[in-house]
Amino acid sequence: GKGRVRPEWTLLFWTSLAVVVPVIITLWCSAQRSKRKTHMKDFFRKSKHGWHYTDLFNKPTYCCVCNQHILQGAFCDCCGVCADEQCLRRADRSLQCKEIMAPCSPDGAMEHRWVRGNVPLASYCAVCKQQCGTQPKLCDFRCVWCQTTVHDDCMDSLTDGDQCELGEFHNLIIPPHYLYRVNKLRRRQPEEYSKLASSCGSGWTPVLVLANTRSGNNMGKVLLGEFRTVLNPVQVFDLSELTPSKALQLCTLLPPGSVRVLVCGGDGTVGWVLDAIDTMKLKVRWDSIALFVFLLFLLISCILIFFRWKVQVASKGLYFRKPKVLSMNNYFSVGPDALMALNFHAHREKTPSFFSSRIINKTVYFLYGTKDCLVQECKDLDKRIELELDGERVALPSLEGIIVCNIGYWGGGCRLWEGMGDEPCPPTRLDDGLLEVVGVFGSFHCAQIQVKLANPVRLGQAHTVRLVLKSSKMPMQVDGEPWAQGPCTITITHKTQALMLYHSAEQTDDDDDEESSASETESPTPHDSPRPPGPASARA
């Protein structure tokens, strides 16, 4: 009858309400959370702690002030102190953070610096050897320097002579008493730093961590926090806030030749840091990683020589303009892989928030690679380009791309030069001063090589590579930094050398016999060392 609501309309109303209300609540909570984060950031900037926002949806934590479970609050990634929003200011005033510079005791020993609660999972008591942090409350202690954990009930059992020795990675940590003594020096000379280093023990090789938080899948902030927890916070730098040249100034306060530099980021970040090292004429050993690497690898790595290269790009018709000069550590390419990198780079510049995981990144690469298989934008490369190896012209087959490699690996770990491994080919080495030059028939051929279903077109090895692009624009890249290039002449020559640390445990079974002799020596000569993976997985 009239005035009676149909059942379907009632069902539609309640269904819509059930969908809309949770969405509105979620959006409101998200907006409130964003406002709260913005308000807290102002406080974080003025604090001596390295505060970061946390809530119930992150890992379970307990407030170090009121002992209650944290619903909304913050944690310090340097010392591990946690506090809810109401106790944050009190925690900031009363709980001291990890001191980057402090005197030691008169006998030269360093005391433990304990923080209560929120100990890492699977940590064990130094006294009774039983697991810590098993109770659902604020309990047990952790030393912020040596990472030793102790039960509440076992604290009284610690002897007075139990001093902090900085833990497993003591040879990589800059102790606060070292910087305190450096600050007291009247004459700051290298020999003075070497004298002070004797108090840090034999084999002390401090590491500096330089991370680009804009690289990869936006996990750089978490990575920096992990390193600040283990090392002295002064050793960890965010390259989005500080240039490599400023970060590396710390090297001038350390004994010459003792510093190791750990670079966290992509190929471009590695080149950026190495260029700064060259400019400052520092004697350091370097390393690079894509994500977190156990610091233990740095302690058991062998030293190899790594050749770096100069790429000169002289555009056709611009004779009065200086050639563009780039540094190459891993590879140079022209063709389909550079086109995919160029398209990916342009897309990421427009919507950086979209590229938040490796899966998304690889999916986008796959889509661009599939598109190139159909369109073939780089076909007839052999008609548009000339190749010279050590001054000799090389006849090119019908190719779509040319790749010049300095390292044995390419494309996420593929052994490009070896291919399927079923054909004899000249060996490759990291320290032989030779570049490997290969050709590919297209994007599909690149994919086949990566899964060992095809071999590349091996064009040769050379000390100097010269390419002449005669017509049209072509996509190019150096160590993952792409651009579109018009007619030009490209010359690749040797630039300099760097010491690289290589952890031989990462080698494959194929390399065991070849590399065993080199891994047994502390500093192999160029003719005794193997050719390991490149900077993306090497230790230096």
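In this text the structure is predicted, and so the values were computed from the model without any measurement.

### Quick look at a nonpolar patch on the surface
Thought 1: Together, F13, W14, L17, V21 and I25 make up an exposed nonpolar region whose accessible area comes to about 490 Å².
Thought 2: Structurally, I25 can be placed in helix α1 (residues 7-46).

### Describing the packing of aromatic side chains
Thought 1: The full count for this structure, using the stated rule, is three aromatic pairs.
Thought 2: With centroids separated by 5.2 Å and ring planes inclined at 75°, the aromatic side chains of F13 and W14 adopt a geometry described as edge-to-face.
Thought 3: The class for W14 is exposed, based on a relative accessible area of 53%.
Thought 4: Where F43 meets F44, the ring centres are 6.3 Å apart and the plane angle is 55°; that geometry is what we call tilted. Residue F43 shares its accessibility class with F44, and that shared class is buried.

### So, the nonpolar core
Thought 1: Of all hydrophobic cores here, the largest spans 43 residues; its most connected members are W51, L88, W145, F227 and L231.
Thought 2: Of all elements in the fold, only α1, β1 (51-55), β2 (72-76), β3 (82-84), α2 (88-94), β7 (207-211), α5 (220-230) and β9 (260-264) reach the threshold of two or more residues within this core.
Thought 3: Here the element with the most residues in this core is α5; it accounts for four residues.
Thought 4: Residues L339, C378, L387 and V457 belong to the second largest nonpolar core, which totals 33 residues.

### Thoughts on unusual backbone geometry
Leave glycine aside and you will find that most residues have negative phi; peptide bonds, for their part, are mostly trans.
Thought 1: The backbone of D140 sits at a positive phi, close to 70°, despite the residue not being glycine.
Thought 2: Secondary-structure assignment places D140 in the loop between β4 (114-116) and β5 (141-143).
Thought 3: Although it is not a glycine, D479 adopts a positive phi angle of roughly 50°.
Thought 4: In this structure, D479 sits in the loop between β20 (474-478) and β21 (481-485).
Thought 5: Classification of D479 as buried rests on a relative accessible area of 4%.

### Overview of the sheet that holds β4
Thought 1: Taken in spatial order, the three strands line up as β4-β5-β6 in an open sheet, and their pairing is antiparallel. Edge strands, defined here as strands with exactly one partner in the open sheet, are β4 and β6 (149-150).
Thought 2: Note that β5 and β6 share two bridges and pair antiparallel. Its bridge partner being in β6, R142 is matched across the sheet by T149.

### What to know about the environment of L342
Thought 1: For L342, the position within the fold is in helix α9 (residues 336-350).
Thought 2: Note on L342: relative accessible area 22%, which makes it partly exposed.
Thought 3: Each C-alpha atom of the pair L342 and P482 lies 5.1 Å from the other, and the pair is 140 residues apart in sequence.
Thought 4: Dropping the residues within four chain positions of it, L342 is found in contact with P475, P482, W483 and A484.

### Quick look at the side chain of H112
Thought 1: With respect to the helices, strands and loops of the structure, H112 is situated in the loop between α2 and β4.
Thought 2: In this structure H112 comes out as buried when scored by relative accessible area, which is 16%.
Thought 3: Excluding residues within four positions of it along the chain, H112 makes contact with C143, C146, T148, D162, Q163 and C164.

### What to know about the pairing of strand β16 (residues 401-405)
The two faces of the sheet receive side chains in turn, since in a regular strand these alternate between them.
Thought 1: Counted residue by residue, β16 has five buried out of five residues, so it is predominantly covered.
Thought 2: Neither face of β16 is exposed, since G401, I403 and C405 on one face and I402 and V404 on the opposite face are all buried.
Thought 3: Relative to β16, strand β13 (residues 331-334) runs antiparallel, the two sharing four bridges. Across the sheet, F332 pairs through a bridge with V404, a residue of β16.
Thought 4: Taken together, the five bridges between β16 and strand β17 (residues 435-440) define a ladder with antiparallel strand orientation. Across the sheet, the residue bridging to I403 is V438, located in β17.

### As for the pattern of salt bridges
Thought 1: Tallying each qualifying case throughout the model produces 13 salt bridges.
Thought 2: Two residues, K221 and D238, come together in a salt bridge whose shortest N-O distance is 3.1 Å. Of this pair, K221 sits in helix α5 while D238 sits in strand β8 (residues 236-238), placing them 17 residues apart in sequence.
Thought 3: Exposure remark for K221: the relative accessible area of 44% places this residue in the partly exposed category.
Thought 4: Among the salt bridges present, the one from R308 reaches D278, with a minimum N-O distance of 2.4 Å. In this pair, R308 sits in strand β11 (residues 302-315) while D278 sits in helix α7 (residues 267-280), placing the two residues 30 residues apart along the sequence.
Thought 5: Each of D275, D278, R308 and K495 takes part in one network of salt bridges that share partners.

The rules behind these values
Residues numbered from 1 in each chain as written. Predicted model: local features only at pLDDT ≥ 70, side-chain atom pairs only at ≥ 80, totals over all residues. Heavy atoms only, no water. Patch = residues over 30% accessible without salt bridge, like charges linked within 9 Å, V, L, I, M, F, W, Y side chains within 5 Å. Areas by Shrake-Rupley, 256 points an atom, 1.4 Å probe, with all protein chains shown as cover. Salt bridge = Lys/Arg side-chain N within 4 Å of Asp/Glu carboxyl O. Helix = DSSP H or I, 4+ residues; strand = E, 2+ residues; numbered from the N terminus. Phe/Tyr/Trp six-rings, centres within 6.5 Å; stacked < 30°, edge-to-face > 60°. Buried < 20%, exposed > 50% of the residue type's maximum accessible area, 1.4 Å probe, protein only. Core = buried A, V, L, I, M, F, W, Y, C linked by side-chain atoms within 4.5 Å. Pairing = 2+ DSSP bridges. Contact = heavy atoms within 4.5 Å.

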